[in-house]
Amino acid sequence: RTDATHAWDLDPQLELAMRPTRAGMSRRGAMVEFELTVANAGGLPAEDVRIGAFMLGDSAAVPTEIERLLMHPPADQVVPAERIEPGDGTRLNAAVPLPRDQVDAGTREGEEGFTPVLVADARYRLPDGSEGRTAAAFTFGRINGGEHLVRIALQDDPAMYADIEARLHSVPAKV
């Protein structure tokens, strides 16, 4: 054990936790509803925290598409800035739509549908004025009790499913 304090021990450290509530498909497109918790595990307040969430049409989404969304987030999908104290957090209940023509549907193991990827991004101001960022991508699908998620069915009639699970799609990025 060491009692040395490092500068990074005092910086804000944001962590993301995802809890899906519903997901589905209608004539207009896909919709994912979720609760995102953003917690500050660092030693200083996270100032000017801006949280965004963006959806890609299928879990086969390439990492470059996720990076593109993180580099150029849609402004209409970022919530207003706030401050998060050390040891505290904030919860965001949100729904993210995706137009039907952007849903990458297909058939896997005889099952037609899609498994969307939701990218969550939290940006904040560090004490030196630079920007910190924590981001993670989550794959959404229906629960089947096994290793794989069940694809969300494509439907013309609105259908929202509550038996939804979110799994980490890629290793969270912290900058």
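Criteria and cut-off values
- Residues numbered from 1 in each chain as written.
- Predicted model: local features only at pLDDT ≥ 70, side-chain atom pairs only at ≥ 80, totals over all residues.
- Heavy atoms only, no water.
- Core = buried A, V, L, I, M, F, W, Y, C linked by side-chain atoms within 4.5 Å.
- Buried < 20%, exposed > 50% of the residue type's maximum accessible area, 1.4 Å probe, protein only.
- Helix = DSSP H or I, 4+ residues; strand = E, 2+ residues; numbered from the N terminus.
- Contact = heavy atoms within 4.5 Å.
- Pairing = 2+ DSSP bridges.
- Axes fitted to C-alpha atoms, helices over the stretch in contact; angles between N-to-C directions.
- 1 Å grid on protein atoms, 1.4 Å probe; cavity = no way out; pocket = protein on both sides within 12 Å on 5 of 7 lines; lining within 4 Å.
- Points joined across faces, edges and corners; volume = space filled by probe spheres on them.
- Nonpolar A, V, L, I, M, F, W, Y, C, P; charged D, E, K, R; others polar.
- Salt bridge = Lys/Arg side-chain N within 4 Å of Asp/Glu carboxyl O.

Draft legend 1. Highlighting the nonpolar core. Core analysis: the biggest nonpolar cluster contains 33 residues, and Leu14, Phe34, Leu36, Val38, Leu118 and Phe140 have the highest contact counts within it. Listed by contribution, the elements that provide at least two residues to this core are strand S1 (14-25), strand S2 (29-40), strand S3 (46-56), strand S5 (89-99), strand S8 (117-125), strand S9 (131-142) and strand S10 (159-161). If near-sequence neighbours (up to four positions away) are discounted, Phe140 is found in contact with Met18, Pro20, Val32, Phe34, Thr115, Pro116, Leu118, Leu149, Ile152, Ile164, Glu165 and Ala166.

Draft legend 2. Geometry of the sheet that holds S10. The strand order across the open sheet built from 4 strands is S5-S2-S1-S10, with neighbouring strands paired in antiparallel fashion. Taken across any chain shown, the strands that pair with only one partner, and hence form the sheet edges, are S5 and S10. For this sheet, the mean angle separating the axes of adjacent strands, direction not counted, is 25°. Direction of pairing for S1 relative to S10: antiparallel, over a ladder of 3 bridges. The partner of Gly24 across the bridge, within S10, is Met160.

Draft legend 3. Quick look at the layout of surface pockets. Volume-wise, the largest pocket comes out at about 210 Å³. What lines the largest pocket is simply Gly24, Met25, Ser26, Arg28, Gly29, Ala30, Met31, Pro97, Leu98, Pro99, Pro158 and Met160. Going through the elements one at a time, S1, S2 and S5 are the ones with two or more residues in the lining of the largest pocket. Across the lining of the largest pocket, the residue classes break down as 8 nonpolar, 3 polar and 1 charged.

Draft legend 4. Local environment of the pattern of salt bridges. Taken as a whole and judged by the stated rule, the model has 12 salt bridges. For the salt bridge of Asp48 with Arg50, the shortest nitrogen-to-oxygen distance reads 3.2 Å. On the basis of relative accessibility, which here comes to 31%, the residue Asp48 falls in the partly exposed class. For Arg83, the salt bridge identified is with Glu85, shortest N-O distance 2.5 Å. You can call Glu85 partly exposed: its relative accessible area is 33%.

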